Amino acid sequence: RLYLRKDVKFHDGSILSAEDVCCCLEKMRSHPYYELMWSPVAEITAKGPLVVDLLFRYPCSYALHLLSVLGASIYKETGGLLSGTGSFYIEVNNEVKTVLHTFKEHYKERSLLDVIEYVQVPKNFENVYRSSAQSNINETFKVDSDYGFGVAILNGYRDSDIARAEVREYVHYQMAKHRGEVPDIDPNAIPNDCGVFPRISKPYVMEEKPCPPLKRPLILQVTTYTESAGVWAKDILEKAGCAIELAPVRFEDTLNNGMEEQECDFFFHGEVFEINQSFSFFQFLFGGSSPLNTVLKTLIDKDALLKRYAMTPVTEWMELHLSIERLLIESSLMIPLYFSRKSFLFTEDIMNVKTKYFGHADFSKLWMKPSM
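The sections below set out a description of the structure shown in this document.

Cut-offs applied
Residues numbered from 1 in each chain as written. Predicted model: local features only at pLDDT ≥ 70, side-chain atom pairs only at ≥ 80, totals over all residues. Heavy atoms only, no water. Pairing = 2+ DSSP bridges. Helix = DSSP H or I, 4+ residues; strand = E, 2+ residues; numbered from the N terminus. Contact = heavy atoms within 4.5 Å. Axes fitted to C-alpha atoms, helices over the stretch in contact; angles between N-to-C directions. 1 Å grid on protein atoms, 1.4 Å probe; cavity = no way out; pocket = protein on both sides within 12 Å on 5 of 7 lines; lining within 4 Å. Points joined across faces, edges and corners; volume = space filled by probe spheres on them. Nonpolar A, V, L, I, M, F, W, Y, C, P; charged D, E, K, R; others polar. Phe/Tyr/Trp six-rings, centres within 6.5 Å; stacked < 30°, edge-to-face > 60°. Buried < 20%, exposed > 50% of the residue type's maximum accessible area, 1.4 Å probe, protein only. Lys NZ or Arg CZ within 6 Å of the ring centre and 35° of its normal. Salt bridge = Lys/Arg side-chain N within 4 Å of Asp/Glu carboxyl O.

**Some words on the sheet that holds strand 3 (residues 51-56)**
Pairing is antiparallel in the open sheet, where three strands are placed in the order 1-3-2. At either end of the open sheet lies a strand with only one pairing partner, and these are strand 1 (2-3) and strand 2 (41-48). The pairing of strand 2 with strand 3 spans six bridges and is antiparallel. For Gly48, the partnering residue across the bridge sits in strand 3 and is Val51. Taken strand by strand, helix 1 (residues 18-30) contacts strand 2 and strand 3, and its axis lies near 170° from that of strand 2.

Structure, rendered in structure tokens:
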């Protein structure tokens, strides 16, 4: 049972109600990305103006965590426009720039900055957060943030050579052997011989494997973002006697990898976890568009695995995570390649910079040092 705060206002001035919450959660519950994670919930109902009940089919340890993700944000749709309840509302949004304006009737403390502008810049433009008081960018300081990881996903379910364990193991062996070259492709990449959890996943070593015969070249899917990595992989694998055919696709067409079977043998995938890495990995396993979706179905009973997660306290999930991670690696269905770190520059008059989701700052806490 959820009790809602009184007098929370949407950006359009209307008051948030239990019906609004139920409407948003029902949309989330039926969305292809979230429906498996929501399967322990049988019903969501409004029991009063400020009371929402969730009825479960069986105990679910992660219910509150699921309500805390960005996808569970509560909004209202009026006249084709969305209104939220956050500390900023969108004042302008077009192809040139997006302007966020402070919401003075926010139910928590007021944000310290009045206006934030995102301006469209060229692709290779240096990313600098700056204040309006700075006519020129002078002194800046750098904030480093973990920015996810990269893996290769091998589609072992395909009716091709990749379904053979010895083929996947050979691809895995060759890519692990040359993993130290990854920073030559991306200077922000740190070679990863562990798994997806920095400082938690354990290192592993691939034993040398013989080159298996192939009936036809393996198909490697690439986008504009992974083309250089694809050329690198094609080069090392073909030198090792494994024929590779690159299959270029639009990045937009890869966003739902996992929703259906892919017409390729393997591809590269980058993932950025939120602050709660444990729950992010849970979404990585069970999210509808996860690249592991179809791969996992061939390896394990996903419904039984989800129930096991639901019955296990969230604080004890890491042992489960590591066992699934190791299963994927040992089956050569997932090959860890790199961890990524990114640097964000801020002008020296912007204070109280603390990174939040995906390396971005918590804008509601920022303030500007007065110029002397």
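**Quick word on empty space enclosed by the protein**
Throughout the structure, instances matching the rule amount to two cavities of 30 Å³ or more. Put simply, the largest cavity is a space of about 40 Å³. The set of elements that each furnish at least two residues to the lining of the largest cavity consists of strand 3 and helix 2 (63-68). With three residues, helix 2 is the single largest residue contributor to the lining of the largest cavity. In terms of residue class, the lining of the largest cavity is made up of 10 nonpolar, no polar and no charged.

**What to know about the packing of aromatic side chains**
Each aromatic ring pair is characterised by the separation of its centres together with the angle its planes make. Overall, the coordinates contain 14 aromatic pairs when judged by the stated rule. Judged by centre distance (6.4 Å) and plane angle (45°), the rings of Tyr62 and Phe279 are tilted. Taken together, the residues Tyr62 in the loop between strand 3 and helix 2 and Phe279 in helix 6 (residues 277-286) connect sequence positions 217 residues apart. Each member of the pair, Tyr62 together with Phe279, is buried. With a centroid separation of 5.6 Å and 80° between ring planes, the pair formed by Phe286 and Tyr309 is classed as edge-to-face. Here Tyr309 lies in helix 8 (residues 302-311) and Phe286 lies in helix 6, a separation of 23 residues in the sequence. Like Phe286, the residue Tyr309 is buried in the burial classification. Members of the aromatic cluster, each reached through a chain of ring pairs, are Tyr62, Phe279, Phe282, Phe286, Tyr309 and Trp317. Here the basic side chain of Lys307 rests over the ring of Tyr58, its NZ or CZ set 4.9 Å away from the ring centre.

**What to know about the pattern of salt bridges**
Under the definition given, this model contains 12 salt bridges. For Glu238, the salt bridge is made with Lys234, and the minimal N-O distance between the two is 3.0 Å. Of this pair, Glu238 and Lys234 both sit in helix 5 (residues 227-239), four residues apart, which is roughly one turn of that helix. What makes Lys234 partly exposed here is its relative accessible area of 24%. Measuring nitrogen to oxygen at the nearest pair gives 3.3 Å for the salt bridge that ties Asp235 to Lys239. Of this pair, Asp235 and Lys239 both sit in helix 5, separated by four residues, roughly a single helical turn. Sharing partners across several salt bridges, the network here consists of Arg158, Glu263 and Asp265.

**Brief notes about the pairing of strand 6 (residues 88-93)**
With five bridges connecting them, strand 6 and strand 7 (residues 97-102) associate as antiparallel partners. Residue pairing in the sheet places Val92 in a bridge with Val99 of strand 7. Hairpin connection, strand 6 to strand 7: the antiparallel pair is bridged by three residues.

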